[in-house]
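Next come the chains, spelled out residue by residue.
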Amino acid sequence: MTMTRTAAEAPIVTGSPLLGSMSDLLNDPLAAYLRARRDHGDVVRFRAGPPGLRSDLYAVFSAEGAQQVLATQAANFRKDNVFYEELRQSVGNGLLTSQDDAYLRQRRLVQPLFTRRRVNGYAHQVAEEAAALADAWRAARGGTVELVGEMHRFALHVVGRIVFGTDVKQAFEVIERTLPPLQEYSLKRGFSPLKAPRTWPTPANRRAARLQAELYALCDGIIDSRRGRDDRDDRDDLVTLLVHAENAEDGSLDAGELREQVLIFLLAGHETTATALAFALHLLARHPEEQRRVRAEVDRVLGGPGGRAPTAADMEDLPYLTMVLKEAMRLYPSAPVIGRRSVAEAEVDGVRIPAGADVLVSPWVTQRHPEYWVDPERFDPSRFTPEAEAARPRYAWFPFGGGPRACIGQHLSMLESVLGLAVLLREFAFEDAEAGEVPLGAGITLMAKGPARVRVAPRG
């Protein structure tokens, strides 16, 4: 939408005379965004850096503004910021990072792999991995577990099985050793105002290049093993499906494109789910009455401890568990901010956004906005009854993004989260083992900066 004469200028968030808002955005961005909305409104401008070198960052906090940036004006707000560029160089130009014709072609080729029917077929992998985790906790005779690490490993095992199939054991060690440090490396480069070119032989660059080469070699080897096979109808892993994905308009994916899609699935496919699982269990451990209500629902559907494995069809019969999960994703969205860059001057929620501006929308803030959420810091799954959801603006809750770039794997994430939680809650009781809130930070994803410990006690 082109700017009109009535568009207001975004208020500038007050920062220090020397660095503007830079220190606040680096040290505690989540708190900085919340303060900015409270003190200045729904569209604000941060100015960061020393005098003469400051850059502007526009932040949009209303549901209406988020919808404009991600959906109705999506063509004007592109993934051109520095963080996406660093991710492209680390893990390739897959669906998360690609744009324009490349993105549209990839989306057309990959979309058939994420139909609801196809995704529902992965329920048995989710159930088996959840049962394996439950067995491991039971063998340890309960005790204290750290949810963030445990749920990241669980989610990575699930997405690894779905992506790689029978090669999952070979892949785990390499993925767990290479992908997290490559993500951290990309994040640090994105925040750094001065950074050495990747071609310079600095220790960080050389280490990242080694990790990237190892991860690429793993993916290339598995992809090569799928080419030329005639048993594709007997395999449902995503690598096999990607190798054989084609259509008359777009042809098929070449070797580099295949690798890039696989890496993006691994990166994005476990972060969202792991965060949702960890904080859903964290919240239930702190709210015993809600935990008992969810467990009663799970027991009715699956039986008590040791009951049958869940299937995709069970999701419809677990509405309260789904409401708990959505509320956990409201309070702890795995992508607390989503960045874009404007192409042309535009108006968002009545405020002028100049051409070439860095712009962010924030599920972290919008999903706590008092206009949409009463007592927003309170854990209340009843916010997600069908009636309550219908009464709110579409983008009051958007943990999977929105518009034409909405997460293609959101149904898979919900399937994995609901079924994984069902198994763990059926088998264990959870009790909070921490005195306070889990300290958090924001990078590419929501980051726990401290442990989220709970005590687990086997049931039955």
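What comes next concerns the included structure. Source: prediction; values computed, not measured. (Residues numbered from 1 in each chain as written. Predicted model: local features only at pLDDT ≥ 70, side-chain atom pairs only at ≥ 80, totals over all residues. Heavy atoms only, no water.)

**Here we look at the overall build of the chain**
Of the regular secondary structure elements, the chain holds 17 helices and 14 strands. Taken over C-alpha atoms, the radius of gyration comes to 22 Å for the chain, in line with the 23 Å a tight globule of 460 residues would show. The principal-axis extents of the C-alpha atoms in the chain amount to approximately 65 × 55 × 45 Å. By residue count, 55% of the 460 residues in the chain fall in the buried class. Expressed as a percentage of contacts within the chain between residues at least 6 apart in sequence, the contacts between residues at least 24 apart total 74%. Per element, the accessible surface of the chain, about 19,700 Å² overall, is 53% carbon and sulfur. Computed over 57 positive and 61 negative side-chain charges, the separation of the two mean positions in the chain equals 3 Å. (Helix = DSSP H or I, 4+ residues; strand = E, 2+ residues; numbered from the N terminus. Rg over C-alpha atoms; globule rule 2.2 N^0.38 Å. Buried < 20%, exposed > 50% of the residue type's maximum accessible area, 1.4 Å probe, protein only. Contact = heavy atoms within 4.5 Å. Areas by Shrake-Rupley, 256 points an atom, 1.4 Å probe, with all protein chains shown as cover. Lys, Arg positive; Asp, Glu negative; His and termini not counted. Charge placed at Lys NZ, Arg CZ, Asp CG, Glu CD.)

**Let's talk about empty space enclosed by the protein**
As enumerated under the stated definition, the model contains 1 cavity of 30 Å³ or more in all. Lining the largest cavity are Thr-272, Thr-275, Ala-276, Met-329, Tyr-332, Pro-333, Ser-334 and Pro-399. A per-element tally of the lining of the largest cavity places helix α12 (residues 255-286) first, with 3 residues. Of the residues in the lining of the largest cavity, the class split is 5 nonpolar, 3 polar and no charged. (1 Å grid on protein atoms, 1.4 Å probe; cavity = no way out; pocket = protein on both sides within 12 Å on 5 of 7 lines; lining within 4 Å. Points joined across faces, edges and corners; volume = space filled by probe spheres on them. Nonpolar A, V, L, I, M, F, W, Y, C, P; charged D, E, K, R; others polar.)

**A word on the packing of aromatic side chains**
Each aromatic ring pair is summarised here by two numbers: the centre-to-centre distance and the angle between the ring planes. This structure, assessed with the given rule, holds 9 aromatic pairs. Measuring from ring centre to ring centre gives 5.4 Å for Trp-137 and Phe-428, while their planes differ by 70 degrees; the resulting arrangement is edge-to-face. With a gap of 291 residues between them, Trp-137 in helix α7 (residues 123-139) and Phe-428 in strand β11 (residues 428-432) connect regions that are remote in the sequence. Each member of the pair, Trp-137 as well as Phe-428, is classed as buried. Both rings, one in Tyr-395 and one in Phe-398, keep their centres 5.9 Å apart while their planes meet at 50 degrees; by these two values the pair is tilted. As far as the burial class goes, Tyr-395 and Phe-398 line up, both buried. Linked through ring pairs, Trp-137, Phe-428 and Phe-430 together constitute an aromatic cluster. (Phe/Tyr/Trp six-rings, centres within 6.5 Å; stacked < 30°, edge-to-face > 60°.)

**A few points about the pairing of strand β2 (residues 55-60)**
Sheet topology note: the strand β1 (residues 43-48)/β2 ladder contains 6 bridges and is antiparallel. Bridging from a neighbouring strand, Val-43 pairs with Val-60 of β2. Bridging between β2 and strand β10 (residues 358-361) involves 4 bridges; their strand directions are parallel. When the bridges of β10 are listed, Tyr-58 appears paired with Val-359. (Pairing = 2+ DSSP bridges.)

**Some thoughts on the sheet that holds strand β4 (residues 143-146)**
Taken in spatial order, the 3 strands line up as β4-β14-β11 in an open sheet, and their pairing is antiparallel. Looking along the sheet, the strands with just one partner apiece sit at the ends: β4 and β11. Averaged over all pairs of adjacent strands, the angle between their axes in this sheet comes to 40 degrees, without regard to strand direction. Here β11 runs beside strand β14 (residues 453-458); their pairing, made up of 5 bridges, is antiparallel. Residue pairing in the sheet places Glu-431 in a bridge with Arg-455 of β14. Sitting on the sheet, helix α8 (residues 147-164) touches β4 and β14, and the angle it makes with β4 is about 65 degrees. (Axes fitted to C-alpha atoms, helices over the stretch in contact; angles between N-to-C directions.)

**Re the side chain of Glu-297**
Along the chain, the position of Glu-297 falls in helix α13 (residues 288-302). We note that Glu-297 is buried and unpaired, the nearest opposite charge coming from Arg-300 at a distance of 4.8 Å. Those residues in contact with Glu-297 that lie beyond four places of it in its chain are Asp-317, Leu-318, Pro-319, Tyr-320 and Leu-321. (Salt bridge = Lys/Arg side-chain N within 4 Å of Asp/Glu carboxyl O.)

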